[in-house]
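Geometric and topological summary
Here is how the chains run, residue by residue.
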Amino acid sequence: KAGVTQTPRYLIKTRGQQVTLSCSPISGHRSVSWYQQTPGQGLQFLFEYFSETQRNKGNFPGRFSGRQFSNSRSEMNVSTLELGDSALYLCASSHGGNQPQHFGDGTRLSIL
Amino acid sequence: DAKTTQPPSMDCAEGRAANLPCNHSTISGNEYVYWYRQIHSQGPQYIIHGLKNNETNEMASLIITEDRKSSTLILPHATLRDTAVYYCIVANAGNMLTFGGGTRLMVKP
């Protein structure tokens, strides 16, 4: 069974640009969550989508947004990039409820 | 979600059991204990989770105390590849996890 796939693996952008990251969940999983990992703040929850609806949202500014498609694939978008947005962005999928999430290996975003 | 407390680092000899403790004294009745680990530059890997009973799978065992205020993750025969940061997380659902600092486990030959 294929795991969670995130593309691209690495990305370099400059301040002020926007970026879109993609996540393909494990087949059959309808819940997709996004996390940001930085050396200073650790792993922080961004938002969760289930059946194309955002169910939960972390404490991030509105520049961070996401969506989920009918096939459960998800994208997250960050607009007006700042230097502090440099991070590893992780996607995780699950069946929902108390079932565990399974993570992809992330997209490493660097802002110059 | 309840907060967890883990030692920042631990060492373990290769081939020996690694016992990683976690305190979660404010856990509520519907919250599960989840364990993940993260090896450098990879996404967190799910290990095991449980509610009240002890659990075992091919990777590890999870021992939860009767009052549910603490738990221990046991890797029965640690190998060098088990060197990672281990996260203990308490949550009532598996889809919105709050990660703390975790325990950095170093398995030594």
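Before going into details, it helps to say that this report is about the structure given with it. Values in this document were obtained by computation on a predicted structure and should not be read as measured data.

Take the overall build of chain B next. Assigned secondary structure in chain B consists of zero helices and nine strands. In chain B, the succession of helices and strands from N to C terminus is β-β-β-β-β-β-β-β-β. What you see for chain B is a C-alpha radius of gyration of 13 Å, in line with the 13 Å of a compact globule of 109 residues. For the C-alpha atoms alone, the extent of chain B along its principal axes is close to 40 × 30 × 25 Å. For chain B, the proportion of its 109 residues judged to be buried stands at 48%. Partitioning the contacts of chain B with sequence separation of at least 6, the portion at a separation of at least 24 is 57%.

Here we come to the pairing of strand β5 (residues 42–50) of chain A. Residue and element names in this part refer to chain A. For β5, a buried count of seven out of nine residues is recorded, marking the element as mostly surrounded by other parts of the structure. Where strand β4 (residues 31–38) and β5 come together, eight bridges link them in antiparallel fashion. The partner of Val 32 across the bridge, within β5, is Tyr 49. Counting the residues between successive antiparallel strands, the hairpin from β4 to β5 contains three residues. Note that β5 and strand β6 (residues 53–57) share four bridges and pair antiparallel.

Moving on, we get to the sheet that holds strand β1 (residues 9–13) of chain B. Residue and element names in this part refer to chain B. Strand order in the open sheet made by the five strands is β1-β9-β8-β3-β4, with mixed pairing throughout. Each of the sheet's edge strands pairs with one partner strand only, and the pair in question is β1 and β4 (45–50). Between one strand and the next, the sheet's axes are offset by a mean angle of 25°, whatever the strand orientation. Pairing of strand β3 (residues 32–38) with β4, which is carried by five bridges, proceeds in the antiparallel orientation. Within β4, the position partnered with Val 33 by the bridge is Gly 50.

Right, let's get into the state of the cysteines. Following the criterion strictly, the structure yields two disulfides over all chains and no others. The residue that forms a disulfide with A:Cys23 is A:Cys91, at a sulfur-sulfur distance of 1.8 Å. Across the S-S bond linking A:Cys23 and A:Cys91, the dihedral sits near -60°, which makes this disulfide left-handed. A residue pair is termed long-range when its members are at least 10 positions apart, and A:Cys23 in strand β3 (residues 19–24) and A:Cys91 in strand β9 (residues 87–94) qualify at 68 residues. As far as the burial class goes, A:Cys23 and A:Cys91 line up, both buried. Residue B:Cys22 pairs covalently with B:Cys88 via a disulfide, S to S 2.1 Å. Disulfide B:Cys22 to B:Cys88: torsion about the S-S bond roughly -80°, handedness left-handed. Taken together, the residues B:Cys22 in strand β2 (residues 18–23) and B:Cys88 in strand β8 (residues 84–91) connect sequence positions 66 residues apart. For B:Cys88, a relative accessible area of 2% corresponds to the buried category. Free cysteine B:Cys12: the closest other cysteine sulfur is in B:Cys22, separated by 18 Å.

Quick look at the pairing of strand β8 (residues 74–78) of chain A now. All names here are of chain A. Here β8 lies mainly inside the structure; five of its five residues are buried. Here β8 shows no split at all, with Ser 74, Met 76 and Val 78 on one side and Glu 75 and Asn 77 on the other all buried. In terms of strand pairing, β3 meets β8 through five bridges, oriented antiparallel. Paired with Ser 22 across the two strands is Glu 75, which belongs to β8. Where strand β7 (residues 64–68) lies against β8, five bridges are found, and the strand directions are antiparallel. Bridging across to β8, Gln 68 finds its partner in Ser 74.

Residue and element names in this part refer to chain B. Strand order in the open sheet formed by four strands is β2-β7-β6-β5, with antiparallel pairing between adjacent strands. Both outer strands of the open sheet, β2 and β5 (55–56), are each paired with one neighbouring strand and no more. Two strands pair when backbone bridges link them, and strand β6 (residues 61–64) and strand β7 (residues 70–75) are joined in this way by four bridges, in the antiparallel orientation. Of the residues in β7, the one forming a bridge with Leu 62 is Leu 73.

Rules behind the numbers
Residues numbered from 1 in each chain as written. Chains lettered and ligands numbered in written order. Predicted model: local features only at pLDDT ≥ 70, side-chain atom pairs only at ≥ 80, totals over all residues. Heavy atoms only, no water. Helix = DSSP H or I, 4+ residues; strand = E, 2+ residues; numbered from the N terminus. Rg over C-alpha atoms; globule rule 2.2 N^0.38 Å. Buried < 20%, exposed > 50% of the residue type's maximum accessible area, 1.4 Å probe, protein only. Contact = heavy atoms within 4.5 Å. Pairing = 2+ DSSP bridges. Axes fitted to C-alpha atoms, helices over the stretch in contact; angles between N-to-C directions. Disulfide = S-S within 2.5 Å.

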